[in-house]
Amino acid sequence: MFDIDFWREIFQSINKNRTRSLLSGFTVTFAILLFTILFGLANGLSNTFAEAFVDDAANAVFIRSGATTKAYKGMQAGRRIQFRNEDYKYIKTDFDDNVEFITSRIYKNVAASFRNEKNNYSLRAVHPDHQYLEKTKVYKGRYINQRDMDIKTKVVVIGKLVKEDLFLKVDPLGKYINLSGIPYKVVGVFADDGGDDEERLLYMPLSTAQQVYGNNDYVDQINLTYKPELDFNQAIDFGLDLEKKLKERFLVAPNDQRAVRVFNMAMQNKGITQMTSVLGIIILIIGMGTLIAGIVGISNIMIFIVKERTKEIGIRKALGASPKSIVAIILIESIFITSIAGYFGLLLGVGILEWAGPSLKTYFITNPSVSTSLVISATLTLIGAGTLAGYLPAKKASKIKPIVALRDD
Amino acid sequence: MLEIKQLHKSYAIGDSSLHVLKGIDLSVAQGEMVAIMGSSGSGKSTLLNIIGMLDEADEGDYILDQVPIKNLTEKKAAIYRNKFLGFIFQSFNLINYKNALENVALPLYYQGLKRKERQEKARFHLQKVGLLDWETHLPSELSGGQKQRVAIARALASDPKLLLADEPTGALDTTTSYDIMAFLQQLNDEGKTILIVTHEEDIAAMCKRIVRLRDGVIMEDKKVTQVRAELHV
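Conventions we followed
- The residue numbering used here restarts from 1 in each chain and proceeds along that chain's sequence as written.
- Each chain takes a letter, starting from A, and each ligand takes a number, starting from 1, following the order in which they are written.
- Whole-chain, interface and lining totals are the exception, using all residues; otherwise, since this is a predicted model, local features are given only for residues with pLDDT of at least 70 and side-chain atom pairs are given and counted only at 80 or more.
- Processing note: side-chain calculations cover all non-hydrogen atoms of the structure and skip hydrogens and water entirely.
- Secondary structure elements are defined from DSSP: runs of H or I of at least 4 residues count as helices, runs of E of at least 2 residues count as strands, and each element is numbered from the N terminus.
- Buried residues are those whose accessible area, probed at 1.4 Å on protein chains only, stays under 20% of the maximum for their type, while exposed residues exceed 50% and partly exposed ones sit between those limits.
- Throughout, a contact is declared for two residues whenever any of their heavy atoms are within 4.5 Å.
- Computed with the Shrake-Rupley method and a 1.4 Å probe, the accessible areas treat only the protein chains shown as cover for residues.
- Helix axes are fitted to C-alpha atoms over the stretch in contact, other axes to C-alpha atoms as well, and angles between N-to-C directions run from 0 to 180 degrees.
- Each angle receives one of four descriptions, namely roughly parallel if under 35 degrees, roughly antiparallel if over 145, roughly perpendicular if within 65 to 115, and oblique otherwise.
- Rotating anticlockwise by less than a right angle from the far helix to the near helix defines a left-handed crossing, while the corresponding clockwise rotation defines a right-handed one.
- Between any two strands, pairing holds if DSSP finds at least two bridges.
- What makes a salt bridge here is a side-chain nitrogen of Lys or Arg within 4 Å of a carboxyl oxygen of Asp or Glu, nothing more.
- Pairing of N or O atoms within 3.5 Å defines a polar contact, subject to two protein rules: one partner must be a possible hydrogen donor and the other a possible acceptor, and residues neighboring in sequence count only if both atoms are side-chain atoms.
- Residues were grouped as follows: Ala, Val, Leu, Ile, Met, Phe, Trp, Tyr, Cys and Pro as nonpolar; Asp, Glu, Lys and Arg as charged; and all remaining residues, including Gly, as polar.
- Residues enter a nonpolar core if they are buried and are Ala, Val, Leu, Ile, Met, Phe, Trp, Tyr or Cys, with the set joined through side-chain atoms within 4.5 Å.
- Every residue is assigned a pLDDT by the predictor, reflecting its confidence on a scale from 0 to 100.
- Within 6.5 Å between ring centres, the rings of Phe, Tyr and Trp (the latter by its six-membered ring) count as paired, and their orientation is classed by plane angle as stacked under 30 degrees, edge-to-face over 60, tilted in between.
- Two thresholds decide whether a charge sits over a ring: the Lys NZ or Arg CZ must be within 6 Å of the ring centre and within 35 degrees of the ring normal.

(A) Structural detail: the overall build of chain A. Along the backbone of chain A there are 14 helices and 12 strands. Taken over 409 residues, chain A has a buried fraction of 49%. Expressed as a percentage of contacts within chain A between residues at least 6 apart in sequence, the contacts between residues at least 24 apart total 78%. Accessible surface computed for chain A: about 20300 Å², of which carbon and sulfur atoms make up 60%.

(B) View of the packing of helix α10 (residues 265-308) of chain A against helix α13 (residues 372-399) of chain A. Residues and elements named next belong to chain A. The N-to-C vectors of α10 and α13 enclose an angle of 30°; their axes lie 8 Å apart at closest approach. When the axis of α10 is compared with that of α13, the two are roughly parallel. The way α10 lies across α13 gives a crossing that is right-handed. Residues L291, G294, I295, I298, S299, M302, I303 and V306 of α10 pack against A378, T381, L382, A385, G386, A389, G390, P393, A394 and A397 of α13.

(C) Representation of the pairing of strand β3 (residues 99-114) of chain A in the model. Residue and element names in this part refer to chain A. Where β3 lies against strand β11 (residues 221-226), 6 bridges are found, and the strand directions are antiparallel. Within β11, the residue paired with S104 across the bridge is I222. By the bridge criterion, 10 bridges tie β3 to strand β4 (residues 117-126) in an arrangement that is antiparallel. Bridge pairing in β4 links F114 to E117. Judged from the 2 bridges that link them, β3 and strand β7 (residues 176-179) form a sheet pairing that is antiparallel. Paired with A112 across the bridge in β7 is L179.

(D) Spatial organisation of the interface of chain A and chain B. Between chain A and chain B, the contact holds 29 residues from the first and 27 residues from the second. Applying the counting rule to chain A against chain B returns 2 salt bridges. Notably, a salt bridge pairs E9 of chain A with K98 of chain B, separated by 2.8 Å at the nearest N-O pair. Summed over the shared surface of chain A and chain B, the number is 10 residue pairs in polar contact (both at pLDDT 80 or more). Mapped by element, the contributors of at least two residues to the side of chain A that touches chain B are α1 (4-16), α11 (310-318), α12 (323-356), α13 and α14 (402-407) of chain A. Here the side of chain A that touches chain B takes 7 residues from α1 of chain A, the largest share from any one element. Tallied by class, residues from the side of chain A that touches chain B come to 9 nonpolar, 7 polar and 13 charged.

(E) Geometry of the sheet that holds strand β2 (residues 16-28) of chain B. All names here are of chain B. Across the sheet, which stays open at both edges, the 4 strands sit in the order β2-β1-β4-β5 with antiparallel pairing between neighbours. Two strands lie at the open edges of the sheet, namely β2 and β5 (67-68), each paired on one side alone. As judged from the 5 bridges shared by strand β1 (residues 2-13) and strand β4 (residues 59-64), these two strands associate in the antiparallel manner. Looking at β4, one finds that E3 is bridged to I63. Along the sheet, helix α1 (residues 44-51) makes contact with β1, β2 and β4, crossing β1 at roughly 120°.

(F) View of the nonpolar core. Ranked by size, the top nonpolar core spans 48 residues in total, and within it I63, I91, I177 and L179 of chain A carry the most contacts. Counting residues in each nonpolar core, the second largest holds 42 residues, with M37, A100, L131 and L172 of chain B among its members.

(G) Here's a closer look at the confidence of the model for chain A. For chain A, mean pLDDT is 85; residues scoring 70 or higher make up 95% of the total. Looking over chain A, one finds the lowest element-wise mean pLDDT in α14 of chain A, namely 66, and the highest in strand β6 (residues 155-159) of chain A, namely 94.

(H) How the structure looks around the sheet that holds strand β7 (residues 162-166) of chain B. All names here are of chain B. In spatial order, the strands read β6-β7-β8-β3-β9-β10; together these 6 strands make up an open sheet with mixed pairing. Each having just a single partner strand, β6 (85-88) and β10 (217-223) make up the two edges of the open sheet. When strand polarity is set aside, the average angle formed by the axes of neighbouring strands in this sheet is 15°. In this sheet, β7 lies alongside β6 in parallel orientation, the contact comprising 4 bridges. From the neighbouring strand, G86 faces β7, where its bridge partner is L163. Contacting β3 (33-37), β6, β7 and β8 (193-197), helix α6 (residues 174-189) runs over the sheet at an angle of about 150° to β8.

(I) Fine view of the side chain of Q210 of chain A. Residues and elements named next belong to chain A. For Q210, the location among the structural elements is in helix α8 (residues 206-212). Within polar-contact distance, the side chain of Q210 engages the backbone oxygen of Y218 at 3.0 Å. Not counting the four nearest positions on each side in its chain, Q210 is found in contact with N85, I106, N215, N216, D217, Y218 and V219.

(J) The packing of aromatic side chains, seen in detail. All names here are of chain A. Throughout the structure, instances matching the rule amount to 17 aromatic pairs over all chains. On the numbers, 5.1 Å between centres and 85° between planes, the contact of F11 with F336 is edge-to-face. Note that F11 is positioned in helix α1 and F336 in helix α12, a separation of 325 residues in sequence. Under the relative-accessibility criterion, F11 is labelled partly exposed at 41%. Among the aromatic side chains, those forming a connected cluster through ring pairs are F6, W7, F11 and F336. In this structure, R249 is placed above the aromatic ring of Y90, and the distance from its NZ or CZ to the ring centre is 4.3 Å.

(K) Summary view of the side chain of S158 of chain B. Among the secondary structure elements, S158 of chain B is positioned in the loop between α5 (144-157) and β7. Ignoring sequence-local partners within four residues, the contact set of S158 of chain B consists of N82, K83, L85, P107, L108 and Q111 of chain B.

(L) Structural view of α11 of chain A. Residue and element names in this part refer to chain A. Most of α11 is tucked away: 8 of the 9 residues are buried. Of the positions making up α11, those classed as buried are T310, E312, I313, G314, I315, R316, K317 and A318. Phi turns positive, to about 110°, at G320, one or two residues after α11.

This is how it looks when you write it as structure tokens:
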């Protein structure tokens, strides 16, 4: 029910007691402003970290091979280690418990042409799982699938920039692209957050490449992701175990750094994630601290306001105000001020973040922002706290005998 | 119109209790103007609080305009206060951020009257106390006597059965005090029942009846010949 007289009373009280209204409003505005800015900056810091790792899956493990540097078990140093399909199968089956996605990779450079357009590109021949490992975003058509692998279809998935280079305005899907003399059907176009280099690529089924380029079962590299449920220590152990087993498999000295190289993202991510979580805790503490400071501030002001209004309450009661209307008028006034002030603080904070955001990029703060729902819940918390802090003294004041309230001067 | 029988009231002070009112019998008829006198601690304020429904008696009956006042909830007390009683205070107790008209209109707000009606009635009463020209002035812009007049207009606004005045001239100089008393006498002449708590003999003498309290009992209750205040102004 909207009672215009009730609101008239409230607005008059707010308007005629400007110092009081501004004081309580300022506390809330300031608390929300600080909350917004601190949270925004902290979020910006996290964004910077997140952005550094968008290219590949955070739980990736890369396995590469090279030449041995040490003689071991009767084998000479300088022997080349070559991965084959059986190594892929070995990892896939023996480490099944820990492996989420796995793919082999063959690298080739190809001269590609379509009609009159020509260019040189890197080609990666891969398993279908590669898509998840590289976070490849196919926005047109499809990726390599198991059927391609099984029957060695001559298909390719091309990067966005390849499409722009060669196909110009033609829709590449279903068209044949010529790679060093052999036509391949384009089945998909992809984008990648990793940048231009990652979009100037072609993907081909591994089995096709093996048949076309050398008719062997060699692979250049094996990439995999460990299961996300592994924690960092488990993941690191898994990586070390994998490295050890592979070295045994290829008769490589355990301390040979070149022949079999396992690069585990968990190693790097551990530090970063630890830092991010510490950052998160710091953010939480700062946010809570700001909020508590705001709560204490608004509570103090509410107690002060009720104290200041004791006499007025006494007068109103003597004139026939019910206790309920006394409590209502005090609380609604404070809720009204707190809401407006909180909203103002939110606008101010978001405005400052927006304004200062771009220039903060150099300080590792990317796109500092806060979710509106977070700030609204912070404001609601303050309103709640103000209400609670105001309710108890208001309730008490509404029970004071008017004569006592009035004589008190 | 007001009937009090064997009224008792005690306050707990620590472990012991202080017996403030020890069996008060008082009956006030329509149109009377009664002064309640007594030194501090005599119980006169407690008696006024009970009559004003700001406090409840432990024992005894209180009947106001045929309505027994007993076991009131806060809400009911508020309604009765608004309907039956008009308060006048020593320190005026106007709301300092409301102008004269708004102050007078406040009890009407609690009666649930419409804004227009409230302002109309409030203007009528302001005019009655001779301050219609001051309606937009804040209390801080008024003299003591004017403030008390606004307070009286406010007390009259809800058209109460009984006016309760607690030391109404306590904060005023003699001339202004008599001026206010003259006005209260005029209201009484028009038929309002008025109860004044005071400790000033000259003010009491301007009423029609003086009730003297000492140590929680009525020492003396006598009708007096009213001294007309306007003769002294």
